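Structure at a glance
The primary structure of each chain is shown beneath.
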Amino acid sequence: MPEVEFDRVEKTFGGTRVLHGVSLDIAQGAFAVILGPSGCGKSTLLRMLAGLERVSAGEVRLNGRRMNDVAAKDRDLAMVFQNYALYPHMTVAENLGYALKVARVPRTERAARVAEVAATLQLSEMLDRRPGQLSGGQRQRVAMGRAIIRRPRVFLFDEPLSNLDAKLRTQMRIEIKRLHLKQGVTSLFVTHDQVEAMTLADRLVVMNAGRIEQAGTPSEVYHRPASAFVAGFLGTPPMNLIPAEPTADGRAVEVEALGRFVVEGPALPGRAPLIAGLRPEHASRGPGVSLPVEMVEELGNGRLVHLRCGDRLVAVMLPEGDRAPVADRLSIAFDPDRLMLFAADGSALPQRLRAIAVRTHA
Amino acid sequence: MIENTRVLNIVTHAILIAALLVMCFPLYVLAVTATLPYERLGEVPKPLVPDTHLTANIREAWVRGNFGIYFLNSLVTATLITLGKIALATITAFALVYFRFPGRTLAFWAIFITLMLPLEVRIVPTYEVVANALLPAQQILEWTGMTWLIGALSGVEVALQWNMINSYWGLTLPLIATATGTFLFRQFYLTVPDELAEAAKLDGAGPMRFFLDVLLPLSRTNIAALAVIMFVAGWNQYLWPLLVTTGPDYRTLTLGLTFLAPDADAVGDWNVTLAGALIVMLPPVLVVVLAQRWFVKGLVNAEK
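The model shown is predicted, which means the values in this text are computed figures rather than measured ones. (Residues numbered from 1 in each chain as written. Chains lettered and ligands numbered in written order. Predicted model: local features only at pLDDT ≥ 70, side-chain atom pairs only at ≥ 80, totals over all residues. Heavy atoms only, no water.)

**Looking at the packing of helix H4 (residues 136-148) of chain A against helix H5 (residues 166-183) of chain A**
Residue and element names in this part refer to chain A. Running from N to C, H4 and H5 point in directions that differ by 20°, and their axes come no closer than 11 Å. The orientation of H4 with respect to H5, classified from their angle, is roughly parallel. In this structure, H4 meets H5 at a crossing whose hand is right-handed. Residues Gly-137, Gln-140, Arg-141, Met-144 and Ile-148 of H4 form the contact with H5, whose own contacting residues are Leu-168, Met-172, Glu-175, Ile-176, Leu-179 and Gln-183. Of the residues assigned to the contact of H4 with H5, the class counts are six nonpolar, three polar and two charged. (Axes fitted to C-alpha atoms, helices over the stretch in contact; angles between N-to-C directions. Helix = DSSP H or I, 4+ residues; strand = E, 2+ residues; numbered from the N terminus. Parallel < 35°, antiparallel > 145°, perpendicular 65-115°, else oblique. Left-handed = near helix turned anticlockwise from the far one by under 90°. Contact = heavy atoms within 4.5 Å. Nonpolar A, V, L, I, M, F, W, Y, C, P; charged D, E, K, R; others polar.)

**Quick word on the environment of Ala32(A)**
Residues and elements named next belong to chain A. With respect to the helices, strands and loops of the structure, Ala-32 is situated in strand S3 (residues 31-35). Judged by its relative accessible area of 0%, Ala-32 falls in the buried class. Between the C-alpha atom of Ala-32 and that of Ala-201, which follows or precedes it by 169 residues, the distance is 5.4 Å. (Buried < 20%, exposed > 50% of the residue type's maximum accessible area, 1.4 Å probe, protein only.)

**Re the sheet that holds strand S17 (residues 312-319) of chain A**
Residue and element names in this part refer to chain A. Read across the sheet, four strands follow the order S17-S16-S15-S18 without closing on themselves; strand pairing throughout is antiparallel. For this open sheet the edge positions go to S17 and strand S18 (329-334), each flanked by a neighbour on one side alone. Going from strand to strand, the sheet's axes swing by 50° on average, the running direction of each strand aside. Sheet topology places strand S15 (residues 283-298) next to strand S16 (residues 302-309); five bridges connect them, and they run antiparallel. When the sheet's bridge partners are listed, Glu-298 is paired in S16 with Arg-303. (Pairing = 2+ DSSP bridges.)

**Topic: the pairing of S3(A)**
Residues and elements named next belong to chain A. Among the five residues of S3, five are classified as buried, and the element is accordingly described as predominantly covered. Burial of S3 is two-sided: the residues Phe-31, Val-33 and Leu-35 facing one way and the residues Ala-32 and Ile-34 facing the other way are all buried. Pairing of S3 with strand S8 (residues 186-191), which is carried by five bridges, proceeds in the parallel orientation. Looking at the pairing, Phe-31 lines up with Ser-187 of S8.

**Considerations on the pairing of S18(A)**
All names here are of chain A. What you see with S18 is a clean split: Leu-330, Ile-332 and Phe-334 sit on the buried side and Arg-329, Ser-331 and Ala-333 on the side with no burial. Relative to S18, S15 runs antiparallel, the two being bridged by seven bridges. Directly across from Ala-283, in S18, lies its bridge partner Phe-334.

**Remarks on the sheet that holds strand S1 (residues 4-13) of chain A**
Residue and element names in this part refer to chain A. The strand order across the open sheet built from four strands is S2-S1-S4-S5, with neighbouring strands paired in antiparallel fashion. Where the open sheet ends on each side, the last strands, each with one partner, are strand S2 (16-26) and strand S5 (65-66). Pairing of strand S4 (residues 57-62) with S5, which is carried by two bridges, proceeds in the antiparallel orientation. Bridge pairing links Arg-61 to Arg-66 in S5. Relative to the sheet, helix H1 (residues 42-50) contacts S1, S2 and S4, its axis offset from that of S1 by approximately 115°.

**Examining the side chain of Ser219(B)**
Residues and elements named next belong to chain B. Mapped onto the secondary structure, Ser-219 falls in the loop between helix H11 (207-218) and helix H12 (220-236). Overall, the relative accessible area of 0% leaves Ser-219 in the buried class. In contact with Ser-219, other than residues within four places in its own chain, are Phe-185, Phe-188 and Tyr-189.

**Considerations on a nonpolar patch on the surface**
All names here are of chain B. Side chains of Met-146, Trp-148, Leu-149, Ile-150, Leu-153 and Val-156 sit close together on the surface and give an oily, nonpolar patch of about 620 Å² of accessible area. Tracing the backbone shows Ile-150 in helix H7 (residues 146-154). What makes Ile-150 partly exposed here is its relative accessible area of 31%. (Patch = residues over 30% accessible without salt bridge, like charges linked within 9 Å, V, L, I, M, F, W, Y side chains within 5 Å. Areas by Shrake-Rupley, 256 points an atom, 1.4 Å probe, with all protein chains shown as cover. Salt bridge = Lys/Arg side-chain N within 4 Å of Asp/Glu carboxyl O.)

**Topic: the nonpolar core**
One finds Phe6(A), Leu49(A), Leu156(A), Leu188(A) and Tyr189(B) to be the most contacted residues of the largest nonpolar core, which totals 69 residues. Of all the elements, helix H3 (residues 67-98) of chain B adds the most residues to this core, at six residues. Once residues within four sequence positions are removed from consideration, Phe6(A) is found in contact with Val22(A), Ser23(A), Leu24(A), Leu45(A), Leu49(A), Glu59(A), Val60(A) and Leu188(A). (Core = buried A, V, L, I, M, F, W, Y, C linked by side-chain atoms within 4.5 Å.)

**What about the environment of Leu253(B)?**
Following the sequence through the fold, Leu253(B) ends up in helix H14 (residues 253-260). Apart from the residues within four sequence positions on either side, Leu253(B) is in contact with Phe67(B), Tyr70(B), Phe71(B), Ser74(B), Trp235(B), Ile279(B) and Val280(B).

**Looking at unusual backbone geometry**
Across the junction of Thr236(A) and Pro237(A), the peptide omega takes the value -10°, indicating a cis bond. Relative to the elements of secondary structure, Pro237(A) occurs in the loop between helix H8 (228-233) and strand S11 (240-246). The omega torsion across Val44(B) and Pro45(B) is -5°, close enough to zero to call that bond cis. With respect to the secondary-structure elements, Pro45(B) resides in the loop between helix H1 (6-33) and helix H2 (54-64). Notably, Arg8(A) is not glycine yet its phi reads approximately 45°, a positive angle. Overall, Arg8(A) belongs to the exposed group, its relative accessible area being 57%. One non-glycine residue, Ala85(A), adopts positive backbone phi at about 50°. Among the secondary structure elements, Ala85(A) is positioned in the loop between strand S6 (77-80) and helix H2 (92-102).

Given below as structure tokens:
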């Protein structure tokens, strides 16, 4: 039985519907990350599980039990907030122990558990300080400790790292991952940062406009995006999306500026325009299509070349080893099997592409 | 723009010091007069150097003015007003900010309107209520015909009566039931992040627990500020105690002072009267001075 279930969950705020029937299962011990742009409803979903928002329709279940009308404190889950929400007038020790104090855990046991959690998070030195005297990273750790100390069934993280600088964020990410590997508590992590999402998740859920676009392992979601939205959201820079036209018989596709490709598998239905997707790192310098260079970005571990392709730019990643100068035009090559096809509504098509035989022989 | 030039500093300080002297001079004269013996009261020009009769004058004022009981009454009244006001203000603001209940907007505006109606404006109806706090209930019973019904059925005449004249309740309750403090705390609670309430909810704390463990400790500087304001205001009340007390038992110190003032045809021993005024002034001054140290402490410890 999945630990957490969302069953056709809807949420309406004063007549505006922000979640349109979201269904999602999260297995016991999984680390699920919900990724999406701001306003997609990912935080709302999390807060409904926490019991901080009412469920407008559908059902939220924990361990098979319907939770819609259960008070937040009886759901046995802990949450780490974006701004940490530490009690400013309490010391670190009091902050950590507050939930236990409310639960009437005896003083000695409370002290022991605070000490234990503080040791796990390297907070032992600062138990007597107040949140105002801590750095951002330390506050973040206190917020985590406050969640851990209750030994909850599920951890909820609401963009907990977005107030930290880049270096600390990487560090805390690793700490969260390590903690999860050690304790194995089911976790639900909401973020708009795709690097966090990719690295932390063993189950990645991409949301957009109140719907789930795709759920799967990070690798699946990255390599086989279920929609043009997912393809365009994941990856830095994201996948290039280029207009494409099917031929009359549906056996080939004309991709703007990149040329014509043969469709493998069933013929394309209809003649509606399509979208072709190509990840920047899947193309490289080589004999193929020559396009005018618009701009070159130095990344240190490679160079990002933006090529003009009709009225849009196509990004191509040159690896670190390729130090040859980039002139006005760049000739690029790529494995046509890497090209993805999406219908005009954004849904991914199963058909794969290969180069037209004539061209490869030439 | 902040100006910081030497000349300007000197000029502004000179103005401030001059204003301070103008304000303090009458108080100084009061203090000096309180130290004079009766014989020196008529001296012209007025003596501006303290004499040695301060303790004698104070003792005389204390005994003749019956200050022992009045002082206690003032202390009890001002303290009750302060505590009652803080309790009422914090809890009503909590209800207004953190709960969505039917009639919330109505309650908000009802409280808001009392801001525009200070005690002096509604003194007659307030007096009527204090004279019989059950009067509204009695009215409702009469309008609905309940008194007639009960009278006809059982022969008992219903006349509800709860008189608060000449009691600490009468002295304090009408002054507690105003909205100023409620708004002070409402504004403060609105600045407390929602996440704190949510975190407390997930930590298992109910609303009252959150109120006592989180909100009240966070508002301690506001509570100190309100306490000072309310204590001084309560201590200085004059009109209301004059109305609701009819004998010496519940008179407050401010009233006692007026009884100490000499009548037109009596011996004008103003040195004793002003010594009494010193006694009346002392507690509020002490509260302000002591609480000021508290404020500074609160401000220095302010958390981000």
